[in-house]
Amino acid sequence: MTLDRIDHVLLKALQKNARLSNKELAAHAGIAPSTCHERLRRLDERGVIRGFHARLDPKALGVGIQAMVAVRLRSQSRDLLMSFRDTLRRLEEVVAVFYMAGSNDFLVHIAVRDSEHLREVALTHFATRPEIGHMETALIFEHAGSGHLPIYSTEE
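What counts and how
Residues numbered from 1 in each chain as written. Predicted model: local features only at pLDDT ≥ 70, side-chain atom pairs only at ≥ 80, totals over all residues. Heavy atoms only, no water. Pairing = 2+ DSSP bridges. Helix = DSSP H or I, 4+ residues; strand = E, 2+ residues; numbered from the N terminus. Axes fitted to C-alpha atoms, helices over the stretch in contact; angles between N-to-C directions. Contact = heavy atoms within 4.5 Å. Parallel < 35°, antiparallel > 145°, perpendicular 65-115°, else oblique. Nonpolar A, V, L, I, M, F, W, Y, C, P; charged D, E, K, R; others polar. Phe/Tyr/Trp six-rings, centres within 6.5 Å; stacked < 30°, edge-to-face > 60°. Salt bridge = Lys/Arg side-chain N within 4 Å of Asp/Glu carboxyl O. Buried < 20%, exposed > 50% of the residue type's maximum accessible area, 1.4 Å probe, protein only.

## Considering the sheet that holds strand β4 (residues 132–140)
Phase 1: One open sheet accounts for four strands, arranged β2-β3-β1-β4; its pairing is antiparallel. With one partner strand each, in any of the chains shown, β2 (94–99) and β4 form the two edges of the open sheet. Neighbour to neighbour, the strand axes of the sheet diverge by 20° on average, direction disregarded.
Phase 2: Strand direction decides the pairing type here: strand β1 (residues 65–73) and strand β3 (residues 106–112), joined by seven bridges, are antiparallel. Bridge pairing in β3 places Q66 opposite A111.
Phase 3: Across the sheet, helix α4 (residues 78–89) is in contact with β1, β2, β3 and β4; its angle to β2 comes to roughly 165°.

## Let's talk about the packing of helix α2 (residues 22–29) against helix α3 (residues 33–45)
Phase 1: Closest axis-to-axis distance for the α2/α3 pair is 8 Å, and the angle between their directions is 100°. Taken as axis vectors, α2 and α3 run roughly perpendicular relative to one another. Residues N22, L25 and A26 of α2 form the contact with α3, whose participating residues are P33, C36, H37 and L40.
Phase 2: Across the contact of α2 with α3, the residue classes break down as five nonpolar, two polar and no charged.

## Digging into the pairing of β1
Phase 1: In the sheet, β1 pairs with β4 via eight bridges, with the strands oriented antiparallel. Paired with V69 across the strands is T137, a residue of β4.

## So, the packing of aromatic side chains
Phase 1: Summed over the entire model, instances satisfying the criterion amount to two aromatic pairs.
Phase 2: Three or more aromatic residues joined by ring pairs form one cluster here, namely F84, Y99 and F106.

## Side note on the pattern of salt bridges
Two side chains carrying opposite charge are able to pair once their charged atoms lie near each other.
Phase 1: With the rule as written, the count across this model stands at eight salt bridges.
Phase 2: Two residues, R85 and D86, come together in a salt bridge whose shortest N-O distance is 2.8 Å.
Phase 3: Taking the relative accessible area as the measure of exposure, R85 reaches 24% and is therefore partly exposed.
Phase 4: A relative accessible area of 28% places D86 in the partly exposed class.
Phase 5: By sharing partners, the salt bridges in this structure join D4, D7, R39 and R42 into a single network.

Below you can see the structure in the form of structure tokens.
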């Protein structure tokens with residue numbers, strides 16, 4: 001799908017504030033609200049917009065520790081890799097799963113209540129699994145990402 005300048009303006013505005021009304025987005029892009037609505041519908045249908053999210057305070061949710069778990073599997077079969085990935089995605093503690101190139105197969109972002117919860121997740125869902133050859137856990141002290149993706153021109 002080719003994104004034009006108006007699409008870029010709309011997507012950048014939505015990344016900054018997904019709560020903008022259609023009328024506000026239209027004004028920001030200099031287009032009619034009906035045109036804006038149609039463009040957003042098209043971007044959503046084509047999967048450019050994958051959803052709208054609220055960023056929540058981890059502490060308010062009872063999350064005391066976040067960590068990244070690097071995992072290397074014993075075997076590199078496609079079925080095993082995809083099965084393990086799907087298993088991880090179903091765990092409540094898993095925030096994100098990254099399938100990687102390099103020395104590790106996966107990097108898994110997890111959020112837990114406390115160190116005991118972290119230990120339990122590591123033992124139950126990682127250390128005791130026969131397909132895992134190596135795992136390493138690193139605590140996250142702070143996350144400073146913006147959550148925004150750059151928007152590059154797709155026009156030819």
